[in-house]
Amino acid sequence: MAAHAKNEKGRRSNGCNPVRKPGPVSMDHVLLASGETKEEREQRIRGLFGFFDAANAGYLGYSQIETGLSALHIPSGYKYAKDLLNVCDANKDGRVDYQEFKRYMDDKEIELYRIFQAIDVEHNGCILPEELYDALLRAGIEIDDEELALFVERVDKDNNGVITFEEWRDFLLLYPHEATMENIYHYLERACLVDIGEQAVVPEGISKHVHAGRYLIAGAVAGAASRTATAPLDRLKVVLQVQTTRSRIMPAIKSIWKEGGLTGFFRGNGLNVVKVAPESAIRFYTYEMLKRVIVNAHGGEDKGEIGPMGRLLAGGLAGAVAQSAVYPMDLVKTRLQTHVSDGGKCPSIGQMTRDIWVQEGPRAFYRGVVPSLIGIIPYAGIDLAAYETFKDLSKKYILQDDEPGPLVQLVCGMTSGALGASCVYPLQVVRTRMQAQRPNADAAYKGMSDVFRKTFKHEGVRGFYKGIFPNLLKVVPSASITYMVYETMKKRLHLE
């Protein structure tokens, strides 16, 4: 034990520079922690600038930054070059001179020192593996011993088992985003996938969150609250979608009120709420599994990053699996919402389910599933592309290249979601009509193509957009309520 303590003491003294200087964090603290003089630091920064400025032009553009990052094995698939250029380019002329570069270095090194000090709870000038583990755990991220060793090895240049401020600084100096533990974890995760050979795979356990179950609960409660709050708009949308004659909003509202009063607007909402938790859980876990499958399928490449297309494919397939699993509940919900009753009498969920099973057979529970699944990938693709576009535009023209906060991300998400939903809305109308029809009904549809043909023939293009107005009205309140309830639940479940 004494020998281990002596060895530990020797390891800590190797490159560790405890800083005893009181007062707020300044460049003096950074110099003491890295063991440099001002002149030595100036020389180091000029050398790094010269490394990027191979042509000796006196400034850095996007191509020089991208080439330099690639030479340093920093993942290029995550727009670090573009973000680094934006954060350094103070006067927004599209290039970075030395003074702008140095100003970024000053701010970044002070930022990195602050978080280094927060992790180094023993204040001995080094980060021990257990201190890094504890800091990640406090941020809600749990990794195993193998991953921890991999991360420490990636940062620890002299392989002495601890991370000095110099090693910490050099590893994160060119990371252009805010240095939070969660961001650093994801950066470590990506960086560790760059240099581990041709068989690059996602290390087992990466992207696991110690509170994953709590996040699912928070998401389920938020989803249930938002769906209940917007249930009247959802009922109105479905009623309008199945109308084959001229549809008008006010007559539809009066009809719903006459049929069932206030509770009529919430018909089917119980099933809509019940399916939130299983659908979210299935989508979440299927998405994580498919990400591993996709990364493993590209194991022969030199990068283990899944990339935007991989994320789109994994997300689309996960959505298809989740939607297929809960689709029978969705069909029963639609039947309840479109059931014409006298005096507000409506069959129960159990009775409606038994009637469908007995009269139409088990296959009826998946009527309309094809157009529903067809719309998933286009919706996800449009939503993702629009979200990234809106976020980049907000950074450039509104936030002056600052990182968008939660409110901006919420607005971007609402706008992109509304755009994506509008583009695939005709498929939603076709699905709802197939779900709502009874087999013995007059002029029953023979399939998806028959719905398209008859709708276009009798109602024109406008027929495919019936009910879109209440559907778009749902976007703002639904997203806002989801966000507010989700944030409240995170606090209640001690996720922040």
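Owing to the predicted nature of the structure, the values given are computational and were not obtained by experimental measurement.

With respect to the overall build of the protein
Next, step 1: When helices and strands are counted, the protein shows 24 helices and four strands.
Next, step 2: Burial statistics for the protein: of 496 residues in total, 45% are counted as buried.
Next, step 3: Contacts in the protein between residues far apart in sequence, at least 24 positions, make up 71% of those at least 6 positions apart.

Observations concerning the pattern of salt bridges
When charged atoms on two side chains of opposite charge get close, those side chains can pair.
Next, step 1: Applying the stated rule across the entire model yields 25 salt bridges.
Next, step 2: A salt bridge links R169 to E36; the shortest N-O distance between them is 3.5 Å. Of this pair, R169 sits in helix α9 (residues 165-172) while E36 sits in the loop between α2 (27-34) and α3 (38-52), and the two are 133 residues apart along the sequence. Like E36, R169 is buried.
Next, step 3: We note a salt bridge from D234 to K474, for which the minimum N-O separation is 3.4 Å. Here K474 lies in the loop between α23 (468-473) and α24 (475-492) and D234 lies in helix α12 (residues 231-241), a separation of 240 residues in the sequence.
Next, step 4: A relative accessible area of 7% means that D234 is categorised as buried.

Observations regarding the packing of aromatic side chains
Each aromatic ring pair is described using two quantities: the centre-to-centre distance and the angle formed by the ring planes.
Next, step 1: Scanning the entire structure with this criterion turns up twelve aromatic pairs.
Next, step 2: Here the aromatic rings of F116 and F165 are separated by 5.5 Å at their centres, their planes lie at 80°, and the arrangement is edge-to-face. Here F116, found in helix α6 (residues 98-119), pairs with F165, found in helix α9; they are 49 residues apart in sequence, far enough to count as distant.
Next, step 3: Taken together through their ring pairs, the aromatic side chains of F49, F51, F52, Y98 and F101 make up a single cluster.
Next, step 4: Here the guanidinium or amino end of R46 rests over the ring plane of Y98, the centre of that ring lying 4.0 Å away.

A closer look at the environment of A220
Next, step 1: Considering the arrangement of structural elements, one finds A220 in helix α11 (residues 212-229).
Next, step 2: Not counting chain neighbours up to four residues away, the residues in contact with A220 comprise V276 and A277.

Thoughts on the nonpolar core
Next, step 1: Formed by 50 residues in total, the largest nonpolar core has its most connected members in L69, F101, M105, L132 and W168.
Next, step 2: No other element matches α6, which puts ten residues into this core.
Next, step 3: Excluding its chain neighbours within four sequence positions, the residues that come into contact with M105 are R41, I45, L48, L173 and L174.

Quick look at the state of the cysteines
Disulfide: a covalent bond formed between the sulfur atoms of two cysteine residues.
Next, step 1: Counted according to the given criterion, the structure contains one disulfide.
Next, step 2: Disulfide pairing places C16 opposite C126 at an S-S distance of 1.4 Å. In this structure, the disulfide formed by C16 and C126 twists by about -95° around the S-S bond and is classed as left-handed. One end of the pair, C16, is in the loop between α1 (2-13) and α2; the other, C126, is in strand β3 (residues 126-127), and 110 residues separate them in sequence. Of the two residues, C16 and C126, neither departs from the other in class, the shared state being buried.

Structural notes on the confidence of the model for the protein
Next, step 1: Taken residue by residue, the protein gives an average pLDDT of 81. The fraction at 70 or more is 84%.
Next, step 2: This model gives residues 1-13 a pLDDT under 50, and the stretch forms nine contacts once residues within four places in sequence are excluded.
Next, step 3: The model gives residues 300-304 a pLDDT under 50, and that stretch makes 13 contacts with residues more than four places away or in other chains.

Structural notes on the packing of helix α4 (residues 62-71) against helix α5 (residues 80-88)
Next, step 1: Close contact between α4 and α5 brings their axes to 9 Å; oriented N to C, the two are set at 125°. Comparing their axes, α5 and α4 come out oblique. With respect to the hand of their crossing, α4 and α5 are arranged in right-handed fashion. Across the interface between the two elements, Y62, I65, E66 and L69 of α4 pack against Y80, A81, K82, L84 and L85 of α5.
Next, step 2: Looking at the contact of α4 with α5 residue by residue, the class counts come to seven nonpolar, no polar and two charged.

Basis of the calculations
- Residues numbered from 1 in each chain as written.
- Predicted model: local features only at pLDDT ≥ 70, side-chain atom pairs only at ≥ 80, totals over all residues.
- Heavy atoms only, no water.
- Helix = DSSP H or I, 4+ residues; strand = E, 2+ residues; numbered from the N terminus.
- Buried < 20%, exposed > 50% of the residue type's maximum accessible area, 1.4 Å probe, protein only.
- Contact = heavy atoms within 4.5 Å.
- Salt bridge = Lys/Arg side-chain N within 4 Å of Asp/Glu carboxyl O.
- Phe/Tyr/Trp six-rings, centres within 6.5 Å; stacked < 30°, edge-to-face > 60°.
- Lys NZ or Arg CZ within 6 Å of the ring centre and 35° of its normal.
- Core = buried A, V, L, I, M, F, W, Y, C linked by side-chain atoms within 4.5 Å.
- Disulfide = S-S within 2.5 Å.
- pLDDT = per-residue confidence, 0-100.
- Axes fitted to C-alpha atoms, helices over the stretch in contact; angles between N-to-C directions.
- Parallel < 35°, antiparallel > 145°, perpendicular 65-115°, else oblique.
- Left-handed = near helix turned anticlockwise from the far one by under 90°.
- Nonpolar A, V, L, I, M, F, W, Y, C, P; charged D, E, K, R; others polar.

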